[in-house]
Amino acid sequence: MALWPSPSRAKPTVRKERVLRPDSELGARAPEDNGSFQYDHEAFLGREEARGFDQLTPEESRARLGKIIDRIDSDQDGFITTEELKVWIKRVQKRYIYDNVAKVWKDYDRDKDGKISWEEYKQATYGYFLGNPEELQDSPDHLTFKKMLPRDERRFKAADLDGDLTATREEFTAFLHPEEFEHMKEIVVLETLEDIDKNGDGFVDQDEYIADMFSHEDGGPEPDWVLSEREQFGDFRDLNKDGKLDRDEIRHWILPQDYDHAQAEARHLVYESDKNKDEKLTKEEILDNWSMFVGSQATSYGEDLTKSHDEL
């Protein structure tokens, strides 16, 4: 097994979403498919937790949702406001980020000193090929290795604010999740440009932009959403209308500053569930619309119900 994710080709009908919403690993909202609320489930409970509720009956899901509602209602007034939902969604996302770092920390902190040096990370991730260069030459991962090692080092150094080539827990979090940290945004933009700019001219033209989302393998007509994306490129992505995206335009595209994911998702949940249109939700309104929040194929909150309030 390779030590890094191998590049995957997008299927002809699958759209890759690169927009990185602040405070969210979810990205942009995908169209709901036949009444599925998977996006809402993941926003409300987190991607990892979203898998566990698949094993629950509707009755169990409703019961656990009721306990969650009590936690979201921070002032205990019996109503869930948009602001309370927004705070909850941000908390869920932050928990996901730090839980993810905690899971992998021991794999890299080899000397158990509470920090991860660049050498520790490099050896843990690339050590086999570094120690066996002759095998690397014959490996299909050769080009990936040559690209990823310097790229990881550049990102590690950007996250290492004090420049000692050793990452604290917070610095390592910035390394693994750069989109969540303001001082890492330029690295996110640069890596996006490098991924999409296939002709190496330092820009992303329309064909490169589309190719990153859509692999035209069957020779047939482009789906309607691809045609729409071509229009989006010209109308909204290419701000100076020169036919290509520079770094500023890429930043504007993937890191929109005028969009608060948590706020938008909270508003959406309230709007869809607020029967009496008083712009806040009762416990009954949420439970009546339980499928949007947790649903029959929704998310697992069971793990979190065993944690203390301070952990969330």
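Residues numbered from 1 in each chain as written. Predicted model: local features only at pLDDT ≥ 70, side-chain atom pairs only at ≥ 80, totals over all residues. Heavy atoms only, no water.

Draft legend 1. Representation of helix α7 (residues 169-176) within the structure. Those residues of α7 lying buried are E171, F172, T173, A174 and F175. For α7, the elements touching its buried residues are α3 (82-108), β2 (116-117), α4 (118-131), α6 (142-159) and β3 (166-167). (Buried < 20%, exposed > 50% of the residue type's maximum accessible area, 1.4 Å probe, protein only. Helix = DSSP H or I, 4+ residues; strand = E, 2+ residues; numbered from the N terminus. Contact = heavy atoms within 4.5 Å.)

Draft legend 2. Structural context of the UniProt feature "domain: EF-hand" (unreviewed entry) in the protein chain. What UniProt calls "domain: EF-hand" (unreviewed entry) maps, in this numbering, to residues 60-95, 96-131, 147-182 and 184-219. With 75% helix and 6% strand, residues 60-95 has its two end C-alpha atoms placed 23 Å apart. End C-alpha to end C-alpha, residues 147-182 measures 24 Å, and it is 58% helix and 6% strand. (UniProt positions renumbered as here; feature names shortened; annotations may be inferred.)

Draft legend 3. A look at the packing of aromatic side chains. Inspection of the entire model under this criterion finds 16 aromatic pairs. Pairing W105 with F172 gives two aromatic rings, centres 5.8 Å apart and planes at 85°, and the pair type is edge-to-face. Taken together, the residues span a long stretch of sequence, with W105 in helix α3 and F172 in helix α7 at a distance of 67 residues. Among the residues examined, F172 registers a relative accessible area of 0% and is labelled buried. (Phe/Tyr/Trp six-rings, centres within 6.5 Å; stacked < 30°, edge-to-face > 60°.)

Draft legend 4. Looking closely at the environment of I72. Checked against the element boundaries, I72 lands in helix α2 (residues 58-72). Leave out the neighbours within four places in its chain, and I72 touches F44, I80, E84, L85 and W88.

Draft legend 5. Here's a closer look at the nonpolar core. In this structure, F44, L65, L85 and F293 are the most contacted members of the largest nonpolar core, which totals 21 residues. Every element with two or more residues in this core is listed here: α1 (38-45), α2, α3, α12 (261-273) and α14 (290-293). Ignoring sequence-local partners within four residues, the contact set of L65 consists of F44, I286, L287, W290, F293 and V294. Among the nonpolar cores identified, the runner-up in size contains 19 residues, and L149, F156, F172 and F181 belong to it. (Core = buried A, V, L, I, M, F, W, Y, C linked by side-chain atoms within 4.5 Å.)

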